[in-house]
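# Residue-level structural notes
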Amino acid sequence: LLVTSAFGFVMAQENTKRPMTFMDVLQMRSVGSPAVSLDGKWLLYTYSVPDWKTAKSFTDIYLVSTERGLPSTKQLTFTNDKNETSPRWARNGEFFAFLSNREAPESKSSQNQLYVMRPDGGEASKISDAKEGVGTFAFSKDGKWLAYSAGKEDERQVWIVTVAGINKDKPVQLTKHKAPITGWQFSPDSKRIYFLSPDSVDQANKQRKEKKFDVRVRNEDSPPVHLWFVDLDTKKETRLTSGTEYSVSDVKLADNSEWLGFRGTPINRYLRTVTESQTYSDLYLLEVSTGAIERLTNNKEIGESSLSFSPDGSLIVFSADDDFTYFRNNRVYLRQTTDRGGKWRKLGAGFDGDVTVGFWSADGKRIYFNDGLKVGNHLFAVSVETGDVVQVTQEQASLFVSRDEDSKRVLINYSSPVSPTNIYTVSSIENVASRMGWTQLTNSNPQIDSIALGETEEVEWKSTDGKVVGGVVVKPVGYEKGKRYPLVVQIHGGPAGAVILSFIASSGYYSHVYAGAGYACFLPNYRGSSNYGERHKIEISGDYFRMGYEDIMSGVDHLIKIGLADNDKLGVMGWSAGGHWSNWILTHTNRFKAISSGAGAVNWISMYAQSDIQRGREFYYKGKPYDRFDHYWDVSPLKYIKNAQTPTLIHVVDGDPRVPRPQSEELHMALVKLGVPT
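As a starting point, this report considers the structure included with it. (Residues numbered from 1 in each chain as written. Predicted model: local features only at pLDDT ≥ 70, side-chain atom pairs only at ≥ 80, totals over all residues. Heavy atoms only, no water.)

### Brief notes about the sheet that holds strand β9 (residues 125–126)
Pairing between the strands of a sheet is mediated by backbone hydrogen bonds and can be parallel or antiparallel. Taken in spatial order, the 4 strands of this open sheet run β6-β7-β8-β9, and their pairing is antiparallel. Two strands bound the open sheet, and with one partner strand each, they are β6 (84–89) and β9. Two strands pair when backbone bridges link them, and strand β7 (residues 96–100) and strand β8 (residues 113–117) are joined in this way by 5 bridges, in the antiparallel orientation. Considered in β8, the bridge of F96 is made with M117. (Pairing = 2+ DSSP bridges. Helix = DSSP H or I, 4+ residues; strand = E, 2+ residues; numbered from the N terminus.)

Rendered as structure tokens:
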């Protein structure tokens, strides 16, 4: 066989591969925290390996040349049961700093200290000795300072040491603020550290928690958080914002250090999630020289992205829902920084997708961003002059492109149906479109080469109303055309999300595991999903389940019609919104042999107050349940529970704020009372 047929030899190799197992998915490794040296020649990154016996992942730091790629990879830390994380280069490139719990006792295993190490190896030197561990750290851009936060969460302050004296001088406490530092950053000119801190600390509440009197207050009141800075020369602290109108977050600085943008969130104890607080927050611009603050937006229930400055600081932009109408596609809004009260110009109006702010071109003429299009994630660019959008990459895969602002080195996180996520690089943004010019820097899961994977491809079909709908199909390993296979329908969450042509073997999908066991998997991007235009995403508002349900079921019918799926061997599963649709399917058809419902809602009336978000529910159901009680009940699977006959497995996370446990308990109790296997 080896002599007579090169093709036969390849097939023999394929036949030695084994199917993927659930344990393979749980033991997938990951790469992260990429840090590029200032000259762009070296990349530090973390590599995390799960340890099944301890139910933990352990992380080490690796080094790779951006020019030579994989053959140059070098492991720098070797603590088998500890973690090294967050590598950051010193500006001179002679060493790097990182966090580690390598010396922490088991009782304080989550506490990190700060270390430095040379990239050519050797022993690491410990910089901090913080009793409660180190939080975050950073080098100043002028290369003179290394700063970090340390202390108990409710007492945290910033400490600093000179880079020149890093191995001989002890760090000194820089801030001596009356309240804890909750966030901080160097100014680009390295003259200041800006920080956020609450206006007060509730000492009685602090003592209550320290003494373990652990009554938990839901939506607990908290004081406003405001913006300060400390001067690195004088060590003087100066307040920049005040009052009870808003709390400050999401601080962004212009490269010229002359302007600062931030988010102001209303002081409302019920806006406790990122989703809700961003929806009700607004953007502000602060002129550093005068301290003058301009409110940039006043959009009530429309969330904006953080503010971004052009390279020269002359322009400011943010992204928000089109025409500031909730849930429409994102557009970018642009204005001259100094044009106080000026009119915003909209970019990307002709693009039927989300236009957001990723990074600027060096000349400030384009803004690059990542977005999904059908079953791929791509890099796009919008022209600052014309507002037109162009697609930069064409890979039928999942990629996310970023650029290191100091070295200008471009990094690409890439995953395909046969490759888990890895980091690639190109020297400039002009070379990102051609895969031939990419250099691979990591190989996160080499064991995948010995595993048989199902063929993964895009699929499209017509729904009951004639709308073309798309998704992904993973065929069984060893697929034979004309043979019908049992089908597992896997419904994604959101619903404003999408399944793409990435490596589909994560917790919650397990598509390649099923493919290895002889199943086909169908992952539909039903109505309500993103990546297929604005109408596809928002037209389920006021009609939440009907169109999505018909899209899913017509997709199943299509796979039966083309001879792939066996109509008598169908199963369905999903998590979050996928669980919602699984529950709807449970109560509206008996075509499936089994259902797995993961954190799915069953009663939208009770769900409204149980969940940590409400505005999204109001969009999908056209109001609050107190005003539209009958409609909320009409779209609740519980209303139709007597139709349920399919054996159902229910998964839920205790303490999940988004779809709380009582939803699954309502479903489980109903099925038990009705005698449905569950």
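More follows now that the structure is in view.
### Comments concerning the pairing of β7
Within β7, 5 of the 5 residues are buried, which leaves it mostly tucked inside the rest of the structure. Where β6 and β7 come together, 4 bridges link them in antiparallel fashion. Across the sheet, the residue bridging to T85 is L99, located in β7. (Buried < 20%, exposed > 50% of the residue type's maximum accessible area, 1.4 Å probe, protein only.)

### A few points about the packing of aromatic side chains
Within this structure, the stated rule accounts for 46 aromatic pairs. Seen in terms of ring centroids, Y246 and F262 are 5.9 Å apart; in terms of plane orientation they differ by 45°. Their pairing is tilted. Of this pair, Y246 sits in strand β18 (residues 246–253) while F262 sits in strand β19 (residues 259–266), placing them 16 residues apart in sequence. The pair formed by Y246 and F262 is uniform in burial state, with each residue classed as buried. (Phe/Tyr/Trp six-rings, centres within 6.5 Å; stacked < 30°, edge-to-face > 60°.)

### Focus: the sheet that holds strand β2 (residues 30–36)
Ordered in space as β2-β3-β4-β5, the 4 strands form an open sheet in which the pairing is antiparallel. The two strands at the open ends of the sheet, each matched to only one other strand, are β2 and β5 (69–75). With strand direction ignored, the average angle separating the axes of adjacent strands in the sheet is 35°. (Axes fitted to C-alpha atoms, helices over the stretch in contact; angles between N-to-C directions.)

### Points about the pattern of salt bridges
This model, assessed by the stated rule, comprises 38 salt bridges. The salt bridge involving D282 is made with R295; its shortest N-O contact spans 2.8 Å. With a gap of 13 residues between them, D282 in strand β20 (residues 282–287) and R295 in strand β21 (residues 293–295) connect regions that are remote in the sequence. Judged by relative accessible area, which is 37%, R295 ranks as partly exposed. With a closest N to O distance of 2.7 Å, R658 and D612 form a salt bridge. Of this pair, R658 sits in the loop between β41 (648–651) and α12 (661–674) while D612 sits in the loop between α9 (604–610) and α10 (615–621), and the two are 46 residues apart along the sequence. Looking at D612, the relative accessible area reads 16%, which means it is buried. (Salt bridge = Lys/Arg side-chain N within 4 Å of Asp/Glu carboxyl O.)

### Considerations on the pairing of β18
When β18 meets β19, the two strands line up antiparallel, connected through 6 bridges. For V248, the partnering residue across the bridge sits in β19 and is G264. In this antiparallel pair of consecutive strands, β18 and β19, the connection spans 5 residues, and S257 shows a positive phi of 65°.

### Focus on the nonpolar core
Of all hydrophobic cores here, the largest spans 54 residues; its most connected members are L487, V489, F522, Y544, W581 and W604. Ranked by residues supplied to this core, first place goes to helix α7 (residues 546–561) with 7 residues. Those residues in contact with L487 that sit more than four places away from it in its chain are A520, C521, F522, V556, L559, A565, K569, L570 and G571. Counting residues in each nonpolar core, the second largest holds 22 residues, with M20, V25, M28 and I448 among its members. (Core = buried A, V, L, I, M, F, W, Y, C linked by side-chain atoms within 4.5 Å. Contact = heavy atoms within 4.5 Å.)

### Re helix α3 (residues 203–210)
Every buried residue of α3 is accounted for by N205, K206 and R208. Buried residues of α3, viewed axially, fall in a sector of 160°; they line one side. (Arc of directions from axis to C-beta.)

### Looking at α12
A rise of 1.5 Å per residue sets the reference length of α12, with its 14 residues, at 20 Å; its end C-alpha atoms lie 20 Å apart and thus fit the reference within 8%. For α12, the complete set of buried residues consists of Q663, S664, L667, A670 and L671. The buried residues of α12 occupy an angular sector of 130° when the element is viewed end-on, so they sit on one face. Next to the buried residues of α12 lie α8 (577–586), β40 (594–598), α9 and β41. Trailing α12 by a residue or two, G675 shows a phi angle of about 80°, which is positive. (Expected span 1.5 Å × (residues − 1).)

### Some thoughts on the packing of α7 against α8
Packed helix pairs are characterised by how far apart their axes lie and by the angle those axes make with each other. Between α7 and α8, whose axes approach to 11 Å, the crossing angle comes to 80°. With respect to α8, the element α7 is oriented roughly perpendicular. Between α7 and α8, the contacting residues are G548, Y549 and I552 on the first element and W581, W584 and I585 on the second. Residues that form the contact of α7 with α8 fall into these classes: 5 nonpolar, 1 polar and no charged. (Parallel < 35°, antiparallel > 145°, perpendicular 65-115°, else oblique. Nonpolar A, V, L, I, M, F, W, Y, C, P; charged D, E, K, R; others polar.)

### Observations concerning unusual backbone geometry
The linkage connecting G494 with the following residue, P495, adopts the cis geometry, with an omega of 5°. Locating P495 in the fold gives a position in the loop between β37 (485–491) and α5 (511–516). Not every positive phi belongs to a glycine, and D323 is a case in point at roughly 55°. Inspection of the secondary structure assignment puts D323 in the loop between β23 (315–321) and β24 (330–336).

### Quick look at a nonpolar patch on the surface
On the surface, a cluster of nonpolar side chains totalling about 300 Å² of accessible area is made up of M23, L26 and W52. Examined against the element boundaries, M23 turns out to sit in helix α2 (residues 22–26). The class for M23 is partly exposed, based on a relative accessible area of 32%. (Patch = residues over 30% accessible without salt bridge, like charges linked within 9 Å, V, L, I, M, F, W, Y side chains within 5 Å. Areas by Shrake-Rupley, 256 points an atom, 1.4 Å probe, with all protein chains shown as cover.)

### Describing the side chain of T46
Mapped onto the fold, T46 is located in strand β3 (residues 42–51). Each residue touching T46, except ones within four places of it in the same chain, is listed here: S30, V31, G32, S33, T59, D60, I61, E84, T85, S86 and P87.

### Some remarks on the environment of G358
For G358, the position within the fold is in the loop between β25 (345–347) and β26 (359–360). Accessibility expressed as a relative area gives 46% for G358, which makes it partly exposed. Between the alpha carbons of G358 and R403 there is a distance of 9.0 Å; along the sequence they are 45 residues apart. Setting aside residues no more than four positions away along its own chain, G358 makes contact with I367, Y368 and F369.

### Observations concerning the environment of Y414
By the element assignment, Y414 lies in strand β31 (residues 410–416). Excluding its chain neighbours within four sequence positions, the residues that come into contact with Y414 are E395, A397, S398, L399, P420, T421, N422, Y424, R435 and W438. In terms of polar contacts, Y414 uses its side chain to reach the side chain of R435, at 3.2 Å. (Polar contact = N/O pair within 3.5 Å; in protein donor to acceptor, adjacent residues only side chain to side chain.)

### Considerations on the side chain of T648
One can find T648 in strand β41. Polar side-chain contacts of T648 include one of 2.8 Å to the backbone oxygen of T646. Dropping the residues within four chain positions of it, T648 is found in contact with L586, I595, S597, L671, P677 and T678.

### Looking at the environment of V230
Topologically, V230 is positioned in strand β16 (residues 225–231). The sequence separation of V230 and E385 amounts to 155 residues, and the corresponding C-alpha distance is 38 Å.

As far as function goes, none of this settles anything; it's purely spatial.
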